[in-house]
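Descriptive structure summary
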Amino acid sequence: MGYENTDSGTAAGAGGAEPGVSDSLRTFGAVVQALREHAGLSREEFAALVRFSKHTVASVEQGRRMPDREFVERGEEALGNTGALRRAAPTLTRQAGLASWFRQWARLEATAISLYTYECRVVPGLLQTEAYARAVSLDVPPLPDPEELEQRIAARLARQELLAVTRKPPTAFSFIVEQAVLERCTGGEEVTRELFDHLLELVKGNWNVEFQVMPLRRPSHAGLDGPLQLAETPDNRWFGYSEGQKNGRLIADSKEISVLQQRYAKLRSQAITPEDSLGLLKRMRGAL
């Protein structure tokens, strides 16, 4: 996920990359730069006036970062209160907090009728608690700044609305997570207890969610190539997604999708059954 971990953006802590460039952000950034230069301000001088770093100003001007309200308001004040930034800001539609490589998958995920996820690194983003997401984001260098951290966590938690059984139709979810991931105690015992409570409540309360644990001892394992995700669209097309260090790849080729589906089917047969996985979660929670 995930871990922007994008989720899994997946893409964990590492997934804290800035969003990819879009036309609306490029335009907004060009306006900021033009007004700044017209005012005779260097990037460093403007950064001091708006109380953001030079790097943040550069990212906004280059269309790589979604400006927050403080940036817009302080920018207006520093650049003569023309109203241009305030009027332009509402047209920025890109979601902050998701890594650029994950955004395509997030769009597919939002309308999928089936979503399958195998994870061997972290608990998938759709299943994370806020505390767990924060711990994961702070584990992997480089550390995000506070604003980026909050954007990342908010984006990940917002995606969890997809789990709701009230969606029409509700998405069918299958998750397979390595037992070692659950036993790692990421964030400490308190964070892990809360995570287990959340998982138990989710699995028992959401009939559209199937959760399986891959046991620690498994001589035959179809997931040795790493995490994978599969999504089925409303028109019954399948897409895949794989993620690694600082990157992710959307997979549309039918032959590659067939391979991933075969692997996922075998992973399902190798993992502990959903009923036994629920029992294992309860025992692990009780041992903390």
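Glancing now at the environment of Glu 190. Relative to the assigned elements, Glu 190 resides in helix H10 (residues 189-205). When the C-alpha atoms of Glu 190 and Ala 131 are compared, they prove to be 9.3 Å apart, with 59 residues separating the residues in sequence.

Averaged over all residues, the pLDDT of the protein chain is 86; the fraction at 70 or higher stands at 88%. When the criterion is pLDDT under 50, residues 1-6 qualifies, and its contacts beyond four places in sequence or with other chains add up to 65 contacts. Note on residues 8-21: pLDDT under 50 across the span, and 89 contacts to partners over four residues away in sequence or across chains.

Further remarks concern helix H8 (residues 146-159). Here H8 is 14 residues long and its end C-alpha atoms lie 20 Å apart, about the 20 Å a rise of 1.5 Å per residue gives. Among the residues making up H8, those that are buried are Glu 147, Glu 148, Leu 149, Arg 152, Ile 153, Ala 155, Arg 156 and Arg 159. Residues of H8 that are buried make contact with helix H6 (103-111) and helix H7 (130-139). Taking the backbone nitrogen of Glu 147 as reference, a side-chain oxygen 3.1 Å away marks Asp 145 as the first, capping residue of H8.

This paragraph deals with the nonpolar core. Note on soluble globular proteins: their nonpolar side chains tend to be buried together. Counting residues in each nonpolar core, the largest one holds 36 residues, and the members touching the most others are Trp 105, Tyr 132, Phe 173, Phe 175, Leu 182, Leu 199 and Phe 211. Looking at this core, the elements that each hand over two or more residues are H6, H7, strand S2 (172-178), helix H9 (179-183), H10, strand S3 (209-214), strand S5 (238-244) and helix H12 (274-286). Broken down by element, the residue count for this core peaks at seven residues, all from H10. Not counting the four nearest positions on each side in its chain, Leu 199 is found in contact with Leu 127, Leu 182, Phe 211 and Leu 281. Formed by 14 residues, the second largest nonpolar core is a distinct cluster that contains Ala 47, Val 57, Phe 71 and Leu 85.

Right, let's talk about the packing of aromatic side chains for a bit. All told, the structure shown has six aromatic pairs when counted by the stated rule. Seen in terms of ring centroids, Phe 46 and Phe 71 are 6.1 Å apart; in terms of plane orientation they differ by 80 degrees. Their pairing is edge-to-face. Within this pair, whereas Phe 46 is found in helix H2 (residues 43-50), its partner Phe 71 is found in helix H4 (residues 69-78), the two being separated by 25 residues in sequence. Under the relative-accessibility criterion, Phe 46 is labelled buried at 0%. Relative accessible area serves as the criterion here: at 1%, Phe 71 is assigned to the buried category. Judged by centre distance (5.1 Å) and plane angle (15 degrees), the rings of Tyr 116 and Tyr 264 are stacked. Here the residue Tyr 116 occupies a position in strand S1 (residues 114-119), and Tyr 264 occupies one in helix H11 (residues 254-270), the gap between them amounting to 148 residues. For the pair formed by Tyr 116 and Tyr 264, the shared burial category is buried.

Parameters at a glance
Residues numbered from 1 in each chain as written. Predicted model: local features only at pLDDT ≥ 70, side-chain atom pairs only at ≥ 80, totals over all residues. Heavy atoms only, no water. Helix = DSSP H or I, 4+ residues; strand = E, 2+ residues; numbered from the N terminus. pLDDT = per-residue confidence, 0-100. Contact = heavy atoms within 4.5 Å. Expected span 1.5 Å × (residues − 1). Buried < 20%, exposed > 50% of the residue type's maximum accessible area, 1.4 Å probe, protein only. Polar contact = N/O pair within 3.5 Å; in protein donor to acceptor, adjacent residues only side chain to side chain. Core = buried A, V, L, I, M, F, W, Y, C linked by side-chain atoms within 4.5 Å. Phe/Tyr/Trp six-rings, centres within 6.5 Å; stacked < 30°, edge-to-face > 60°.

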